[in-house]
Amino acid sequence: LNNSNYEEGDEYFDKNLALFEEEMDTRPKVSSLLNRMANYTNLTQGAKEHEEAENITEGKKKPTKTPQMGTFMGVYLPCLQNIFGVILFLRLTWVVGTAGVLQAFAIVLICCCCTMLTAISMSAIATNGVVPAGGSYFMISRALGPEFGGAVGLCFYLGTTFAAAMYILGAIEIFLVYIVPRAAIFRSDDALKESAAMLNNMRVYGTAFLVLMVLVVFIGVRYVNKFASLFLACVIVSILAIYAGAIKSSFAPPHFPVCMLGNRTLSSRHIDVCSKTKEINNMTVPSKLWGFFCNSSQFFNATCDEYFIHNNVTSIQGIPGLASGVITENLWSNYLPKGEIIEKPSAKSSDVLGSLNHEYVLVDITTSFTLLVGIFFPSVTGIMAGSNRSGDLKDAQKSIPIGTILAILTTSFVYLSNVVLFGACIEGVVLRDKFGDAVKGNLVVGTLSWPSPWVIVIGSFFSTCGAGLQSLTGAPRLLQAIAKDNIIPFLRVFGHSKANGEPTWALLLTAAIAELGILIASLDLVAPILSMFFLMCYLFVNLACALQTLLRTPNWRPRFRYYHWALSFMGMSICLALMFISSWYYAIVAMVIAGMIYKYIEYQGAEKEWGDGIRGLSLSAARFALLRLEEGPPHTKNWRPQLLVLLKLDEDLHVKHPRLLTFASQLKAGKGLTIVGSVIVGNFLENYGEALAAEQVRIRHLMEAEKVKGFCQLVVAAKLREGISHLIQSCGLGGMKHNTVVMGWPNGWRQSEDARAWKTFIGTVRVTTAAHLALLVAKNISFFPSNVEQFSEGNIDVWWIVHDGGMLMLLPFLLKQHKVWRKCSIRIFTVAQLEDNSIQMKKDLATFLYHLRIEAEVEVVEMVRKLSLRSNGPPSPISYPVFLELHLVWEIVIAVLGPPQAQLVKDRNSMLRLTSIGSDEDEETETYQEKVHMTWTKDKYMASRGQKAKSMEGFQDLLNMRPDHSNVRRMHTAVKLNEVIVNKSHEAKLVLLNMPGPPRNPEGDENYMEFLEVLTEGLERVLLVRGGGSEVITIYS
């Protein structure tokens, strides 16, 4: 397009885009959008952000640098450093010796497969869009939602924190056992108490190390990151030393003799020679070993241990070498209980028990396959190191998959090859000797290394210290990221940091939790704990990838193509299996912790919409369920009222009768579908904002207050009746549509000058009937109880006049499930005509209720064809012409005088309260001192006419009108039924009765309203029920 006509100073739109100029504020030009995207940079993380923050001087801010780290430096090496750790140097030889080469190989292979499958899933998630700084927590939370994200994020945080404790314990073990054994504070000569003393040493030194490391991290995280390369170099040099030593052992094995008594391994820490005797000045004298097993170290005739007497002391090579064939002995497992002596099965030994001596090398912990899995698994964790540095990467979507998978392949090869090399080069009793007692206290893996065992000892010490510092650096930042997301309210304080971004409070909490791990003091007990938390994290990474893949959400377009939902499910299954294999009780505890965090975030946390996979899963599940519901109408056994509650709003868009929602919540008890609908009269384009505000603010808040779980739908329509019709027709979706409409009685319809109110009501009744929906009309709704009120006694009376599907039976049963109505009793009344056998009807009704499993009191009321003129005594006969005249009087009163002021029929023993018909408002009432008859009588009419003679002039023509016979019959029925209902149910807490249908001829609508008024006179709470034409209750199971 030619842009030559562009005017200077026009900042809002390009003249060539004048067609869209009115939308430029909400819909920017493509060029400006692309410009913003091109200038986007990831938030830097780790050392970079803090170094820059500390280097900023006042008035001078360094420009943001584009991350430049590549795959090798940014992902591969950090993953190597985090994966290789303390377990490789301190426990892998022991795992191989205890489990045997075959089972150890299986343990390592399973753990490596778990992390590889997790890395594939993580790569898919990490390459599905730009990954801001935040790494694994960001990926999980945005893929699975705030609840899962918070739960798994905290599990990952706890795992990282306990990893710091494990690394510190490993460093202390190397320091006290292999570097400076004399530094131990607590000592014991008793072999049984020696382990307890060692644990106390670990606690003291571990706490000191932790304080020192926390100070280093607090002073400046930059130093931790600058020394990371040195620590990584130590790891690599140590591993290369192992390979060099293994190769050298094939032709020149190192000399590390192991002293054996029979087939039992002896500790060489305290013995001078591996022999019972020694030569001094050409004299044979007892050795130190003799003194350990005999009651005298000076005389050969001393009493000695029986096993010591019958077995010879021999020396075997601790490192036979790669070509020795020792691997055949090390193939099989050798699990032992705690306190057992480590033995060489192939060595000769006499079958004598002997006593337990502290010079033997003993098993310090009961071993099993599952225990070894839990101890080894932390050595393969650390695969998230690359994704945690995503903010520092030049191209995170390319670097994270390649670097992470290459690092896992490298470490897996190292672990698997080391398992074979250890089994092929080292004697089995030495492998099972956890602390190197048989080889003069040397680190077992160090005995194999070349050129010296100290290469491994020093290298592993520094690498372990470095790993601990890395954990203490990463864990607080992870907690800070969770706190800043504001999904867990009580963690908000940990989102605060120093001026340079250092998370001080989070660091203190991390140190406190790590101290708990250090107080456990045993590397073998801490390792399974962090295994649980890491496995939980990896499980949900796999779940996130599988869900996103199966749901095929439009935004799921990862650049990493080599993933599949089956691989993710396999990884998830392995994670779950490893959790229960390594420690089922730890697994349950970890799941309970995650579940509690999930529930806490669900109920108390801030609501976040992150476009997560769980929301997509909910949509897919809802779609599947709706399609299943479409397969056919619900069976009678599954029928429950799915409510459409029609609310009326006043001019200020407030709900007029909130008790209607209260009643709906009591009826539903939180189950099934509830749709709250209302109509705003007006034009949609003009009133859409009002409708949205009313829906979001007024109605939804009221629904929350009344604990109504459902949906809200407002319709803007030109006419109220049309809007209600639209709601009844269109609410719901598929099989989840309403089958019952709940509405209130039009209060004061007689006093209203506008007839539209009651005409709208009748129109709604007709629409509901045409749609074959059930209808519940609550009269005197303001008198209905709130959710905090509870009836301690009372009755729910059901007047079952005609059968319309069993709604009248089902509703009181559902109401009694709620605490408000729970203590009420159900009474069911039915009406018998003259030709009916009332005794048999009562028996049949009781049997019917018994089969329905509904407990209720049954009563049959006889309706005779005589109208009662007195409240007590036998009914008086009245002729049909008289009743016609009464009907005429009724019409005169309605047409001329307005609504009568005394129509409420009461029990003969109660005073009459006068209110305007159908009004729910509290109005002034007056009391007649005279007894009021149950119906209008001729005498009463004459008395009324005498009092109001002036008002009756000029209406003689009306007296000459012939009333409609059907209306007379209906009025007669309404009066008679009302007389009976009031007599029986005037004290009932709620009265349910059948609602007659509207007349086919609209001209009789007003009479229909009158009939309903007369039918329900004198009752405090009434629920008119009209069935939808289908059976809703059954006696069958």
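In this text the structure is predicted, and so the values were computed from the model without any measurement.

**Quick word on the nonpolar core**
Residues Met166, Phe376, Phe377, Tyr415, Phe422 and Ile426 are the most contacted members of the largest nonpolar core, which totals 170 residues. In terms of residues, this core owes the most to one element, helix α6 (residues 135-179), which gives 27 residues. Not counting residues within four places of it along the chain, the set of residues in contact with Phe377 comprises Cys111, Cys114, Ser531, Phe534, Leu535, Tyr538 and Leu578. Among the nonpolar cores identified, the runner-up in size contains 56 residues, and Ile699, Leu776, Trp800 and Leu808 belong to it.

**Focus on the packing of aromatic side chains**
Geometrically, a pair of aromatic rings is defined through the distance of the ring centres and the angle of the planes. This structure, assessed with the given rule, holds 29 aromatic pairs. With a centroid separation of 5.9 Å and 85 degrees between ring planes, the pair formed by Trp565 and Phe569 is classed as edge-to-face. Here Trp565 and its partner Phe569 are both found in helix α21 (residues 565-582), 4 residues apart, which amounts to about one turn of the helix. With a relative accessible area of 30%, Phe569 lands in the partly exposed category. Clustering of aromatic rings is evident, with ring pairs tying together Phe175, Tyr205, Phe209, Phe461 and Phe462. Directly above the aromatic system of Phe308 lies the positively charged group of Lys276, at a separation of 4.6 Å from the ring centroid. If you follow Lys434 out to its NZ or CZ, it ends over the ring of Trp94, 4.2 Å from the centre.

**Points about the side chain of Asp524**
Structurally, the position occupied by Asp524 is in helix α20 (residues 523-551). In terms of polar contacts, Asp524 uses its side chain to reach the side chain of Arg91, at 2.7 Å. Only 2.4 Å separates the side chain of Asp524 from the side chain of Lys434, close enough to count as a polar contact. Leave out the neighbours within four places in its chain, and Asp524 touches Arg91, Trp94, Asp364, Ile365, Ile375 and Lys434.

**Focus: the confidence of the model for the protein chain**
Within the protein chain, residue pLDDT values average 78, and 79% of them lie at 70 or more. When pLDDT is averaged over each helix and strand of the protein chain, the minimum, 41, is found for helix α32 (residues 956-959) and the maximum, 94, for α21. Long-range and interchain partners of residues 1-13, a stretch whose pLDDT sits below 50, account for 14 contacts in this model, where long-range means more than four residues apart. Taken together, the stretch residues 39-62 has pLDDT below 50 and engages in 34 contacts with residues farther than four places along the chain or on a different chain.

**Considerations on the sheet that holds strand β5 (residues 313-317)**
On the basis of which strands lie adjacent, the open sheet formed by 3 strands has the order β2-β1-β5 and antiparallel pairing. The open sheet has two edge strands, β2 (264-265) and β5, and neither has a second partner. Pairing of strand β1 (residues 257-261) with β2, which is carried by 2 bridges, proceeds in the antiparallel orientation. Considered in β2, the bridge of Met260 is made with Thr265.

**Looking at a nonpolar patch on the surface**
On the surface, a cluster of nonpolar side chains totalling about 770 Å² of accessible area is made up of Leu576, Phe580, Trp584, Tyr585, Ile588, Met591, Val592 and Met596. Ranked by the residues each element gives to the nonpolar patch, the list is headed by helix α22 (residues 584-604), at 6 residues. Relative to the assigned elements, Met596 resides in helix α22. Looking at Met596, the relative accessible area reads 55%, which means it is exposed.

**Section: the packing of helix α5 (residues 92-126) against α20**
Geometrically, a packed helix pair is captured by the angle between its two axes and the distance between the axes. Where α5 contacts α20, the two axes come as close as 8 Å, and the packing angle between them is 35 degrees. Judged by the sense of rotation from one axis to the other, the crossing of α5 with α20 is left-handed. Each of Trp94, Cys114, Thr115, Leu117, Thr118, Ser121, Met122, Ala124 and Ile125 in α5 lies in contact with α20, whose residues at this interface are Asp524, Leu535, Tyr538, Val541, Asn542, Ala544 and Cys545. Broken down by class, the residue content of the contact of α5 with α20 amounts to 11 nonpolar, 4 polar and 1 charged.

**With respect to the side chain of Ser665**
As for its placement among the helices and strands, Ser665 is situated in helix α24 (residues 659-668). A distance of 2.6 Å separates a polar atom in the side chain of Ser665 from the backbone oxygen of Thr662.

**Overview of the pattern of salt bridges**
This structure, assessed with the given rule, holds 14 salt bridges. We note a salt bridge from Glu329 to Lys344, for which the minimum N-O separation is 2.9 Å. In this pair, Glu329 is assigned in helix α12 (residues 327-330) and Lys344 in the loop between α12 and α13 (369-376), connecting sequence segments 15 residues apart. As a salt-bridge pair, Lys984 and Glu859 come within 2.6 Å of each other at their nearest N and O atoms. Here the residue Lys984 occupies a position in helix α33 (residues 965-985), and Glu859 occupies one in strand β13 (residues 857-862), the gap between them amounting to 125 residues. By relative accessible area, Lys984 is classed as partly exposed at 32%. Salt bridges sharing common partners tie together Arg91, Glu173, Asp364, Lys434 and Asp524.

About the thresholds
- Residues numbered from 1 in each chain as written.
- Predicted model: local features only at pLDDT ≥ 70, side-chain atom pairs only at ≥ 80, totals over all residues.
- Heavy atoms only, no water.
- Core = buried A, V, L, I, M, F, W, Y, C linked by side-chain atoms within 4.5 Å.
- Buried < 20%, exposed > 50% of the residue type's maximum accessible area, 1.4 Å probe, protein only.
- Helix = DSSP H or I, 4+ residues; strand = E, 2+ residues; numbered from the N terminus.
- Contact = heavy atoms within 4.5 Å.
- Phe/Tyr/Trp six-rings, centres within 6.5 Å; stacked < 30°, edge-to-face > 60°.
- Lys NZ or Arg CZ within 6 Å of the ring centre and 35° of its normal.
- Polar contact = N/O pair within 3.5 Å; in protein donor to acceptor, adjacent residues only side chain to side chain.
- pLDDT = per-residue confidence, 0-100.
- Pairing = 2+ DSSP bridges.
- Patch = residues over 30% accessible without salt bridge, like charges linked within 9 Å, V, L, I, M, F, W, Y side chains within 5 Å.
- Areas by Shrake-Rupley, 256 points an atom, 1.4 Å probe, with all protein chains shown as cover.
- Salt bridge = Lys/Arg side-chain N within 4 Å of Asp/Glu carboxyl O.
- Axes fitted to C-alpha atoms, helices over the stretch in contact; angles between N-to-C directions.
- Left-handed = near helix turned anticlockwise from the far one by under 90°.
- Nonpolar A, V, L, I, M, F, W, Y, C, P; charged D, E, K, R; others polar.

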